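The lines below spell out each chain.
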Amino acid sequence: MTDGEGRGGPPRRIRAWLGRRLPRGTVGASILADLDEEFGQRPRGSARRWWYRWEALRLAFAYGVIEPLRGDGRRGTNGYDGGGMNGMERIFGWVGRSVRRVRRDPGFTAVAVGTMVLGIGAAVSIFTVINAVLLQPLPYAEPDRLVTLTEADPAREVTGNVSNPGNLLDLEAGVGAFEELAGIVLAQSTLVRLDDRMNEFPAQYVTPDFFTLLGMEMAVGAGFSETASMAQPEILLAHDFWEQHFGADPTVVGQSLEVNGQAVTISGVVAPGYVVFQDEAAFYVSITMAETGDQTSTGRFLYGVARLAPGVSVEQARQEAQGVFAGLVEAYPDFNAGWEIEVRAIDDQILGDTRQGLWILLAAVGVLLLIACANVANLFLARATERRQEMAVRTSLGATGGVLARQLLGEAIVLSGLGGLLGVGAAWVGTRMIAARLPAAFALPRVEESGVDGPVLLFALAVSIGTGLLFAIVPALQLRREDPARTLGAEGRGPSRGTLRLRSGLIVLEVALSMPLLVGAILTTRSFVELIRADPGIETEGVLTARLNLVGRSSEERTRFYERMTADLQARDGVEAAGAITFLPLLSWGAATSFHDYDAPPASREDWPVADMRNVTGDYFAAMGIPLIAGRGFERGADVQGSPPVIVVNRATAESLWPGLDPIGRRLAINWGDLETPWVVVGVVDDVVQGAMDEETRPKVYHHYAQTAHFPWMHVAMRPIGAEVDLLPILEATVAEIDPTVPISQVIPMEDVVRDAIARPRMTAALMFVLAGLAALLAGVGLYGVLSWTVARRVREIGVRIAIGADGRRVLRMVLSQGMTLVGVGLVVGTGAAFVVGRTLQSLLTDLSTTDPVTVAAAALFFGAIALAACLVPAWRATRIPPSVAMREG
Amino acid sequence: MSPNAFLGEFEQMVLLAILQQSKAPYALEVRREIEASAGRTVSRGAFYTTLDRLERKGMLEWREDPTPPEGRRTGPLRRFSVTPAGRRALAQTRAALETLWRGLDLEAREG
């Protein structure tokens, strides 16, 4: 304890502080003495010192806040007490007077309310989204007991991978912590006949107990029957799909629908508001794990979802599952070697990285709110100083401190109420703006449910009223200590020392708080710019892509269709090149498998590298503008079933396997069906991104569709000859000519595919930049305010200096150095904070050192510029003060 | 002199507690008296601000006691007494209340 007076006395500093808040003279002194006496009667020790501090706080509160609000009931000083009026009349009168006074000063009102609207609007918007996404529970029964099961291969840095049905069945049987376990296959494309036309829709394949496990209810129907399976398929419709395509007709349950050429019974409609794994589905098709295969017959393709037994923690379940899985690795070494099981709370799986991004935004917006508060405080303080004379005059005319304090409080409440109201309005608009952009960019599962509701409104109200009251009380407390005689004299023109210190401190705080925001904004923007600059390896301009699906056709039929289609397309006017690929870059990760040099296999299977597997047809490389580096591309009619198996690899494959050597003619063994076939490299193309713009380039193997028609769908890519060519009608006509029943879906220009791929970092960067910009603006305004005010206070001094010959530059320098000193201190403190923030931002950034000195310097420079601008105007004004005016003013 | 002659509950308690003491009491004695007879703790802030208010209304006055009691080491000591205006206000308040109470028997009805 530093504030003690010897060992036994009351805390000295708080006693002095209290003394300044009590009435002057004997009254205050005797109250202090009473408190001392009681302090002396309490048992010695730290308890009584805390007691003293608490009592002192309460006394100060009573004298500083309660009493002024209450008034003394004395009539006639200036009529404000309203003598015989009852309570409600008094309150209405008080509010009315406050509103009138606020309206008398529109400039101040606009700046104060504007600042609050910015701060509250931004804070409430972000808080609303976060409230909806992070704080509301998922729409499942007891979501705390739900976990997801995925597999990981740490050696190859694979996590969150889908699992194998055999592995999941063995886990269900072996792990006691799982009460139930269900499986789901995401995003399966299906062809559905609606109104006698074929349409492609995304569907999920789920085990029959999936919905009961989640506790999801059916809106219509009873759900899957006991016998639902792949062999006896049933489907459940998603609520949106049911409304859009069946007009919400409840009688569809029990009818059948043609899905992938097979008649399937509709067993129910899932209740609305259901999303799993951020994945959209039109309907859910039944499968059972047993009939899809096991570790010896099939691969990994489903996610497991389990409900934990009551009282079991996620960690306990994880450990038990890992133990069982270790046994599965031993039992099926060929299939499971190197793999591990991951058990995660369902929240983590669904929200994923989004969660951290949102928390960072919330922190940023909290900082902005703090800056806004500091600014409002500054404004109130400045105004209180401007009005010292007014207050002093009124005090000497008989107004009591209570009356004046009530007046200040009334104005503060009116202002902050206005700010809060408009802020919530701004938040309402802001939330909709964010929500409208978020689903694509952030893929937030629950954002459509977010609205400005009860808790959010309460939050906004608390923030605005809290800010207003807090910052009205400070000047009100200061007012009580003023001596009207001194204030009315010459020295009363300027602010008191304490006020100046407080306001300078607030500026330092604002600058320090803005720095991390600015650094964060610059970092996210820079990493975003890197993403834009990242070369996807494709020439996207004018290229149109679309998806075609021939599910249910034989591979010969499919090959014939795709070859003829791409050839026909290429023959059309306006089409320079056309081709197709199974997984379009940036649209999905696609299939991948392990491979090795056929003629030099690695000793251990674990050392096999992994490559993306792509099937292409037509002139795909030309259509996408992917340059051929060596050898040749595929040849229609030559590279077919029965002819030597050939592949084209990307540069990364060639460089990793045969650095510095000629790759053409070399052979690969590929873990894709059989390892016996040697695939001969006939060509090498340049690298292309796959899943994301910022991923590391990895090996990619292209097969000719005519040799390996693995997948029924393809994405066609068409490059036009001129910019004005409308490619879609050409595609539609061509497809209709060959087979009018083939549906065309996902028609997207390749430029949009690339743009969507960077939508999320762009959103983060944009939001951060807006927040940081607002912060810098507010800090700049605050700085401007303080400086013009100190200049105004020194008008006389500056005038005298100029009168006795100081030149303008010197005065300019003096004011500038005062302002820049404040900014400098703020920048030093802020830089420290920025380094900490940078580390937190790591997860959002691409290949950038998070404590990058260039970024920090840029932020400091940016801030310096704003600060300089804010200082210059008042400084320049100071040099223009004619001595005559200065003297009069003084 | 005193247009607001009607006293609040706590104001009455303070004035009555002063009158209860044989000799003009000081603040701590008044507070203790209220706490003892009313059986409730009294907020220090409310207590002192009420004393100030009653003084401003002219219902009580104080003088400084140059000989502080034992255990009092610091500061001045104020001894309070109720002014004639204060006594009048108490009497008026009581009379007004008694008028209002006339004929009422709340306890019996509460049962």
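Residues numbered from 1 in each chain as written. Chains lettered and ligands numbered in written order. Predicted model: local features only at pLDDT ≥ 70, side-chain atom pairs only at ≥ 80, totals over all residues. Heavy atoms only, no water.

Scanning chain B from terminus to terminus reveals five helices and two strands. For chain B, the N- to C-terminal ordering of α and β elements is α-α-α-β-β-α-α. Out of the 111 residues belonging to chain B, those deemed buried represent 40%. Within chain B, contacts between residues separated by at least 24 positions form 62% of all contacts whose residues are at least 6 apart in sequence. Total accessible area on chain B stands at roughly 6600 Å², and carbon and sulfur atoms take up 51% of it. (Helix = DSSP H or I, 4+ residues; strand = E, 2+ residues; numbered from the N terminus. Buried < 20%, exposed > 50% of the residue type's maximum accessible area, 1.4 Å probe, protein only. Contact = heavy atoms within 4.5 Å. Areas by Shrake-Rupley, 256 points an atom, 1.4 Å probe, with all protein chains shown as cover.)

Broken down by element type, chain A carries 28 helices and 22 strands. Burial status across chain A gives 51% buried among its 890 residues. When the accessible surface of chain A is totalled, it reaches about 39100 Å², and 57% of it is carbon and sulfur.

Contact residues are listed per partner, giving 23 residues for chain B and 25 residues for chain A. Around 2100 Å² of area is buried between chain B and chain A when both sides are counted, 49% of it from carbon and sulfur atoms. Among the residues chain B hides against chain A, the three largest losses belong to Arg44(B), Tyr48(B) and Arg53(B). Together they make up 26% of the total. Taken together, the links from chain B to chain A amount to three salt bridges. (Buried area = accessible area lost by both parts, 1.4 Å probe. Salt bridge = Lys/Arg side-chain N within 4 Å of Asp/Glu carboxyl O.)

Another point: the confidence of the model for chain A. All names here are of chain A. With 83% of its residues at a pLDDT of 70 or more, chain A has an overall mean of 80. The lowest-confidence element of chain A is helix H17 (residues 484-488), averaging 58 in pLDDT; the highest-confidence one is strand S19 (residues 679-685), averaging 95. This model gives residues 1-6 a pLDDT under 50, and the stretch forms 14 contacts once residues within four places in sequence are excluded. Here residues 72-86 scores under 50 on pLDDT; set against residues more than four positions off or in separate chains, the count is 25 contacts. (pLDDT = per-residue confidence, 0-100.)

A few words now on helix H1 (residues 9-20) of chain B. The terminal C-alpha atoms of H1(B), which comprises twelve residues, lie 16 Å apart, in line with the 16 Å expected from a rise of 1.5 Å per residue. Within the sequence span of H1(B), burial applies to Phe10(B), Glu11(B), Gln12(B), Val14(B), Leu15(B), Ala17(B) and Ile18(B). (Expected span 1.5 Å × (residues − 1).)

Moving on, we come to the packing of helix H6 (residues 165-174) of chain A against helix H10 (residues 314-331) of chain A. Helix-helix packing is described using two parameters, namely the angle between the two axes and the distance between the axes. Residue and element names in this part refer to chain A. The N-to-C vectors of H6 and H10 enclose an angle of 125°; their axes lie 10 Å apart at closest approach. By the angle class used here, H6 and H10 are oblique. H6 and H10 meet at a crossing whose hand is right-handed. Contacts between H6 and H10 involve Asn 167, Asp 170, Leu 171 and Gly 174 from the former and Glu 320, Ala 321, Val 324, Phe 325 and Leu 328 from the latter. (Axes fitted to C-alpha atoms, helices over the stretch in contact; angles between N-to-C directions. Parallel < 35°, antiparallel > 145°, perpendicular 65-115°, else oblique. Left-handed = near helix turned anticlockwise from the far one by under 90°.)

This part covers the packing of helix H2 (residues 27-38) of chain B against helix H3 (residues 44-56) of chain B. All names here are of chain B. Viewed as axis vectors pointing N to C, H2 and H3 meet at an angle of 115°, and their least axial separation amounts to 11 Å. Like other packed secondary-structure pairs, H2 and H3 cross with a definite hand, here right-handed. Seen from H2, the contacting residues are Ala 27, Leu 28, Val 30, Arg 31 and Ile 34; seen from H3, they are Arg 44, Phe 47, Tyr 48 and Leu 51. Among the residues forming the contact of H2 with H3, the class breakdown is seven nonpolar, no polar and two charged. (Nonpolar A, V, L, I, M, F, W, Y, C, P; charged D, E, K, R; others polar.)

All names here are of chain B. Within the secondary structure, Arg 79 sits in strand S2 (residues 78-82). Residue classification places Arg 79 among the buried residues on the basis of a relative accessible area of 6%. One polar contact links the side chain of Arg 79 to the main-chain carbonyl oxygen of Ala 24, over a distance of 2.9 Å. Polar contacts involving the side chain of Arg 79 include one to the side chain of Asp 65, which spans 2.5 Å. Sequence-distant contacts of Arg 79, defined by excluding residues within four places in its chain, comprise Lys 23, Ala 24, Pro 25, Tyr 26, Glu 29, Glu 61, Trp 62, Arg 63 and Asp 65. (Polar contact = N/O pair within 3.5 Å; in protein donor to acceptor, adjacent residues only side chain to side chain.)

Position of Ile184(A) among the secondary structure elements: in strand S3 (residues 178-194). Spatially, the C-alpha atoms of Ile184(A) and Ser163(A) are 9.9 Å apart, while their sequence positions differ by 21 residues.

Residue and element names in this part refer to chain A. In total, this model carries 14 aromatic pairs over all chains according to the counting rule given. Both rings, one in Phe 201 and one in Phe 241, keep their centres 4.9 Å apart while their planes meet at 80°; by these two values the pair is edge-to-face. In this pair, Phe 201 sits in strand S4 (residues 197-206) while Phe 241 sits in helix H8 (residues 239-246), placing the two residues 40 residues apart along the sequence. The residues Phe 201 and Phe 241 share a single accessibility class, namely buried. An aromatic cluster is present here, built from Phe 201, Phe 241, Phe 246 and Phe 283 joined pairwise through their rings. Here the guanidinium or amino end of Arg 48 rests over the ring plane of Phe 39, the centre of that ring lying 4.2 Å away. Here Arg 300 stacks its cationic end above the ring of Phe 335, 4.1 Å away from the centre of that ring. (Phe/Tyr/Trp six-rings, centres within 6.5 Å; stacked < 30°, edge-to-face > 60°. Lys NZ or Arg CZ within 6 Å of the ring centre and 35° of its normal.)

Let us now look at H3(B). Residue and element names in this part refer to chain B. Taking 1.5 Å of rise per residue, 13 residues should cover 18 Å, and H3 covers 18 Å from first to last C-alpha, within 8% of that figure. The buried count for H3 comes to ten of 13 residues, which makes it a mostly enclosed element. For H3, the set of buried residues is Arg 44, Gly 45, Phe 47, Tyr 48, Thr 49, Thr 50, Leu 51, Asp 52, Arg 53 and Leu 54. Of the residues trailing H3, Gly 58 is marked for its positive phi of about 80°.

On to a nonpolar patch on the surface, then. Together, Phe6(B), Leu97(B), Leu100(B), Trp101(B) and Leu104(B) make up an exposed nonpolar region whose accessible area comes to about 530 Å². Since its relative accessible area comes to 31%, Leu97(B) is described here as partly exposed. (Patch = residues over 30% accessible without salt bridge, like charges linked within 9 Å, V, L, I, M, F, W, Y side chains within 5 Å.)

On to the pairing of strand S15 (residues 610-618) of chain A, then. Two faces belong to every sheet, and in a regular strand the side chains alternate between them. Residue and element names in this part refer to chain A. With respect to burial, S15 is a largely interior element, eight of its nine residues being buried. When strand S13 (residues 575-581) meets S15, the two strands line up antiparallel, connected through three bridges. Bridged to Gly 579 within S15 is Gly 618. Judged from the three bridges that link them, strand S14 (residues 592-597) and S15 form a sheet pairing that is antiparallel. Across the sheet, Thr 593 pairs through a bridge with Ala 611, a residue of S15. Sheet topology note: the S15/strand S20 (residues 700-704) ladder contains five bridges and is parallel. The residue of S20 that forms the bridge with Asn 615 is His 703. (Pairing = 2+ DSSP bridges.)

For chain B, the mean per-residue pLDDT works out to 82, and 88% of the residues sit at or above 70. The least confident element of chain B, judged by mean pLDDT, is helix H5 (residues 106-110) of chain B at 49; the most confident is S2(B) at 92.

For Thr821(A), the location among the structural elements is in helix H26 (residues 808-841). Sequence-wise, Thr821(A) and Val508(A) are 313 residues apart; in three dimensions their C-alpha atoms are separated by 9.3 Å.

Residues and elements named next belong to chain A. The residue Asn 260 is not glycine, and still its phi comes out positive at about 50°. As for its position among the elements, Asn 260 is in the loop between strand S7 (256-259) and strand S8 (262-270). By relative accessible area, which is 24% here, Asn 260 ends up partly exposed.

We now examine the pattern of salt bridges. What the rule picks out here adds up to 28 salt bridges over all chains. Across the salt bridge formed by Glu38(A) and Arg44(B), the nearest N and O atoms sit 2.5 Å from each other. Linking Glu38(A) in helix H2 (residues 25-41) with Arg44(B) in helix H3, this pair reaches from one chain into another. In this structure, Glu38(A) and Arg44(B) share a single accessibility class: buried. Note that Asp599(A) is salt-bridged to Arg667(A), the shortest N-O span being 2.9 Å.

Moving on, we come to the environment of Ala89(B). Positionally, Ala89(B) belongs in helix H4 (residues 84-101). Taking C-alpha positions, Ala89(B) is 7.8 Å from Met59(B), a pair spaced 30 residues apart along the chain.

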